[in-house]
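# Descriptive analysis of the structure
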Amino acid sequence: MMKPSIIKGFLLYYIISLTGSSYAVSLIRPPYLTPEDFERGKTLTPEERGYNSSTLRQHFSQHFEIRTNVWFDSKYKWPNARVPYIISSQYNDQERAVVAESIREWESKTCIRFIPKSNNDRDYLELTPQDGTNNYCYSYVGRQGGRQFVKMYAPICMSVGQYVHELGHAIGFGHEHQRPDRDHYIRINWANIDPQFYYAFDKYNSNQFTTMGMAYDYYSIMHYPDYSYSNNGKPTLVPTYPGHNIHNMNVILSPTDIQKTKKYYNC
């Protein structure tokens, strides 16, 4: 057996078979993103980035799971906007590129920094397609303490728009359409919602969720598109004010998302 060697950031184990003249090569990816992952992220297709709105609406209506918590309390912030993480070796190269491009979206526009977990980091994210549950895509909101999953089941949940959204939860942001003041800006069509997902439209109270004085943002990465969780093909969310289009899921940070992050993390 040859010694492991690191080639372009990937750990390769060469296992020589004693049967016949063939040999097997097993690739074990590192628990952090590499420069190659970020380079591949630049070449993703529009669909991989999340611009296929019909696919996204289907994913939200059938597969999207979210476990919410409050982010009003400062204990849910990541100290110094530093978010330690590890990434599962189960993601393939294309999926790692999606994760890398999603992290780039946050890091290039805000002070948030995703840092490979060190031995000294007790609190960290584990970016994974599997967590031992039947949930497809979810994140807790804000820093929970210890090992914290961001689960994005591949390939169902793997678009940049969806991953940026889930990382937004992990950073500390709840859904825009669940704000305490949402009824002034959005109408919920309860009759069109699959009853098992009513919880995804519950309204936060002001003791749990603060708007930080920011205006309601139809174009936030944290806003659901209009057909989310529909049980009859009709809209579940309708803007109260005309001229706003939420037909497609937002796939990049809005100016308000950026401003809110800077304000929340004082940077």
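By convention here, each chain's residues receive numbers from 1 onward along its written sequence. pLDDT decides what is reported in this predicted model: residues at 70 or higher carry local features, side-chain atom pairs at 80 or more are listed and counted, and totals for whole chains, interfaces and linings draw on all residues regardless. The basis for every side-chain value is the complete set of non-hydrogen atoms in the structure, without hydrogens or water.

### Here's the deal with the sheet that holds strand β5 (residues 113-116)
Formally: Here, any two strands with at least 2 DSSP bridges between them count as paired. Per the convention used, a helix needs a DSSP run of H or I reaching at least four residues, while a strand needs a run of E reaching at least two, with both numbered from the N terminus. Every axis corresponds to a line fitted to the C-alpha atoms, with the helix fit spanning only the stretch in contact, and the corresponding angles, defined between N-to-C directions, vary from 0 to 180 degrees. Residues are treated as being in contact if the distance between any of their heavy atoms lies within 4.5 Å.
Spatially, β5-β4-β6-β8-β7 is the arrangement adopted by the 5 strands of the open sheet, whose pairing is mixed. Edge strands, defined here as strands with exactly one partner in the open sheet, are β5 and β7 (137-139). Here the strands of the sheet are splayed against their neighbours by 35° on average, with no regard to which way each runs. Those strands touched by helix α4 (residues 93-109) are β4 (82-87), β5 and β6 (124-128), and its axis lies near 135° from that of β5. Along the sheet face, helix α5 (residues 160-171) touches β5, β6, β7 and β8 (147-152) and points at about 160° away from the line of β8.

### Considering the state of the cysteines
Where two cysteines share a covalent bond between their sulfur atoms, that bond is called a disulfide. Filter applied, for reference: Disulfides are defined in this document as cysteine sulfur pairs within 2.5 Å. To sort residues, take the accessible area from a 1.4 Å probe on protein chains only and compare it with the maximum for the residue type: under 20% means buried, over 50% means exposed, and anything in between is partly exposed.
Throughout the structure, instances matching the rule amount to 2 disulfides. Between the sulfur atoms of Cys 137 and its disulfide partner Cys 157 the distance amounts to 1.6 Å. Here the disulfide of Cys 137 and Cys 157 is left-handed, its torsion about the S-S bond being about -70°. Pair noted here: Cys 137 is in strand β7 and Cys 157 is in the loop between β8 and α5, with a separation of 20 residues, a long-range link. Grouping residues by exposure puts Cys 137 and Cys 157 together as buried. With its bonded cysteines labelled in order along the sequence, the protein chain shows the pairing 1-4, 2-3.

### Considering the UniProt feature "active site" (unreviewed entry) in the protein chain
Spelled out, the test is: UniProt positions are given in the numbering used here, feature names are shortened, and annotations may be inferred rather than shown by experiment.
The sites that carry the UniProt feature "active site" (unreviewed entry) are, in the present numbering, Glu 166. Within the secondary structure layout, Glu 166 lies in helix α5. The class for Glu 166 is buried, based on a relative accessible area of 0%.

### Examining α5
Spelled out, the test is: A helix is expected to reach a length of 1.5 Å times the quantity of its residues less one.
Its 12 residues give α5 an end-to-end C-alpha distance of 16 Å, which sits within 8% of 16 Å, the value for a rise of 1.5 Å per residue. Taken across its 12 residues, α5 has 12 buried, putting it largely inside the fold. Residues Val 160, Gly 161, Gln 162, Tyr 163, Val 164, His 165, Glu 166, Leu 167, Gly 168, His 169, Ala 170 and Ile 171 constitute the buried set of α5. Positive backbone phi, approximately 140°, marks Gly 172, located one or two places after α5.

### A few points about the UniProt feature "binding site: Zn(2+)" (unreviewed entry) in the protein chain
In this structure's numbering, the residues bearing the UniProt feature "binding site: Zn(2+)" (unreviewed entry) are His 165, His 169 and His 175. For His 169, the location among the structural elements is in helix α5. The residue His 175 is located in the loop between α5 and β9 (186-188) in this model. Since its relative accessible area comes to 0%, His 175 is described here as buried.

### As for the confidence of the model for the protein chain
Convention followed: Summary of the metric used: pLDDT quantifies the predictor's per-residue confidence within the range 0 to 100.
With 81% of its residues at a pLDDT of 70 or more, the protein chain has an overall mean of 83. Contacts of residues 53-58 to residues separated by more than four positions or lying in other chains number 12 contacts, the stretch itself having pLDDT below 50.

### A short note on the environment of Ile 86
Within the element layout of this structure, Ile 86 appears in strand β4. As a C-alpha pair, Ile 86 and Leu 125 span 39 residues in sequence and 6.4 Å in three-dimensional space. Setting aside its immediate chain neighbours within four residues, Ile 86 contacts Pro 31, Lys 117, Tyr 124, Leu 125, Glu 126 and Leu 127.

### Re the pattern of salt bridges
Close approach of charged atoms lets side chains of opposite charge pair. To keep things clear, this is the line we draw: A pair is scored as a salt bridge if a Lys or Arg side-chain nitrogen falls within 4 Å of a carboxyl oxygen belonging to Asp or Glu.
Enumeration according to the criterion identifies 17 salt bridges in this entry. The residue Arg 40 makes a salt bridge to Asp 93 at a minimum N-O spacing of 3.9 Å. Of this pair, Arg 40 sits in helix α1 (residues 35-41) while Asp 93 sits in helix α4, and the two are 53 residues apart along the sequence. On the basis of relative accessibility, which here comes to 27%, the residue Arg 40 falls in the partly exposed class. On the basis of relative accessible area, Asp 93 is assigned to the partly exposed category, the value being 28%. In this structure, a network of salt bridges that share partners links the residues Arg 29, Asp 37, Arg 40, Asp 93 and Arg 96.

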